[in-house]
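The lines below spell out each chain.
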Amino acid sequence: MAEKEAKRGAGMSTLLKVNNLVKRFGGVTAVNDCSFEVQEGSITALIGPNGSGKTTAFNIITGYLKPDSGTIEFDGKLMAKPTPSSIYRAGLSRTFQQARIFPELTVLENLVISSSFGWKDLLGTRVTAADRKRGMQTLEEFRLDKLHDLRAKDLSYGQRKLLEFASVLMSDPKLVLLDEPTAGVNPVMIETMEKHIRDRNKAGVTFLVVEHDMQLVMRLCDPVIVLDHGSKIAEGMPEAIQSNPQVLEAYLGS
Ligand SMILES: Nc1ncnc2c1ncn2[C@@H]1O[C@H](COP(=O)(O)OP(=O)(O)O)[C@@H](O)[C@H]1O
Ligand SMILES: [Mg+2]
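Residues numbered from 1 in each chain as written. Chains lettered and ligands numbered in written order. Predicted model: local features only at pLDDT ≥ 70, side-chain atom pairs only at ≥ 80, totals over all residues.

## Overview of the packing of helix 4 (residues 107–115) against helix 6 (residues 129–141)
Here helix 4 crosses helix 6 at 120°, and the two axes come no closer than 9 Å. Classified by chirality, the crossing of helix 6 by helix 4 is right-handed. Residues V107, L108, L111, V112 and S115 of helix 4 form the contact with helix 6, whose participating residues are D131, R132, R134, G135, M136, T138 and L139. Taken together, the residues of the contact of helix 4 with helix 6 sort by class into 6 nonpolar, 3 polar and 3 charged. (Axes fitted to C-alpha atoms, helices over the stretch in contact; angles between N-to-C directions. Helix = DSSP H or I, 4+ residues; strand = E, 2+ residues; numbered from the N terminus. Left-handed = near helix turned anticlockwise from the far one by under 90°. Contact = placed C-beta atoms within 7 Å. Nonpolar A, V, L, I, M, F, W, Y, C, P; charged D, E, K, R; others polar.)

## Description of the pairing of strand 10 (residues 231–236)
Examined bridge by bridge, strand 9 (residues 224–228) and strand 10 share 5 bridges and lie antiparallel to one another. Among the inter-strand pairings, L227 is bridged to a residue of strand 10, identified as K232. Where strand 9 hands over to strand 10, the hairpin turn is made up of 2 residues, of which H229 adopts a positive phi near 45°. (Pairing = 2+ DSSP bridges.)

## A few points about the domain arrangement of the protein chain
As a measure of interface size, the accessible area lost when the parts come together is often cited. Partitioning the protein chain into structural domains gives domain 1 (2–91 + 173–253) and domain 2 (99–172). Relative placement of domain 1 and domain 2: their C-alpha centres are 25 Å apart. With 14 residues of domain 1 in contact, the opposing surface of domain 2 contributes 12 residues. Per element, the largest residue contribution to the side of domain 1 that touches domain 2 is 5 residues, and it comes from helix 8 (residues 187–202). For the side of domain 1 that touches domain 2, the per-class residue count stands at 7 nonpolar, 5 polar and 2 charged. (Domains from an automatic or database assignment.)

As structure tokens, then:
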């Protein structure tokens, strides 16, 4: 708690600014005039009922989807024509609700690939000894080093999510978007994931986390942003969000 107070008082600056995003799929308005900010140094939660537009918002922010309207500012710059690779290079990386790894590659190869910027670069560049070393160091941090030679497809579901998380850190991102990092993983792995998020946050990485485990959100995140039907309906400290009538209504009504 003391730590959280200190962080809040530290005069944080805005790292990500989402302005009036709109995204329609046919008749469905998935994201509806959505605006929010992520402060540098925070672990911000993005929550909301199923279908409230969280993943779609992530897809727009990371350049995987073009919004119908609205803009994204990252690190003080307007992202004019964001593509996944330009966003990644700018220091914003993400994980996916269904972990995206390269199943046929080894655990270490998965990490090393992520330190280059996409397949094109990879094919044109040789994997350096330095890349391998950094890959192994990251695997040690995540206690996956003993598994470095295993094919990624042979990892457990939770280990695959952990590998994906470790991989996105190889680009030294300023901001990491995690889409349901603990969905479907066992309680021990939830704690492991939580520890790694905290450790990297202490080391300076900002997080925006979509998470369904409310206990984890309450322990880990501040502030919490709530989406409903594609718009922000509330934002605040976890304690206040928990008892916010509009938030309760959104969850009960879904
Ligand atoms: N590619 C798509 N095509 C059509 N509808 C989509 C697509 N992606 C998401 N949607 C719809 O947009 C809404 C928001 O979905 P999503 O962003 O996945 O929500 P959340 O991640 O909060 O559960 C839902 O109604 C969903 O069915
Ligand atoms: Mg989702």
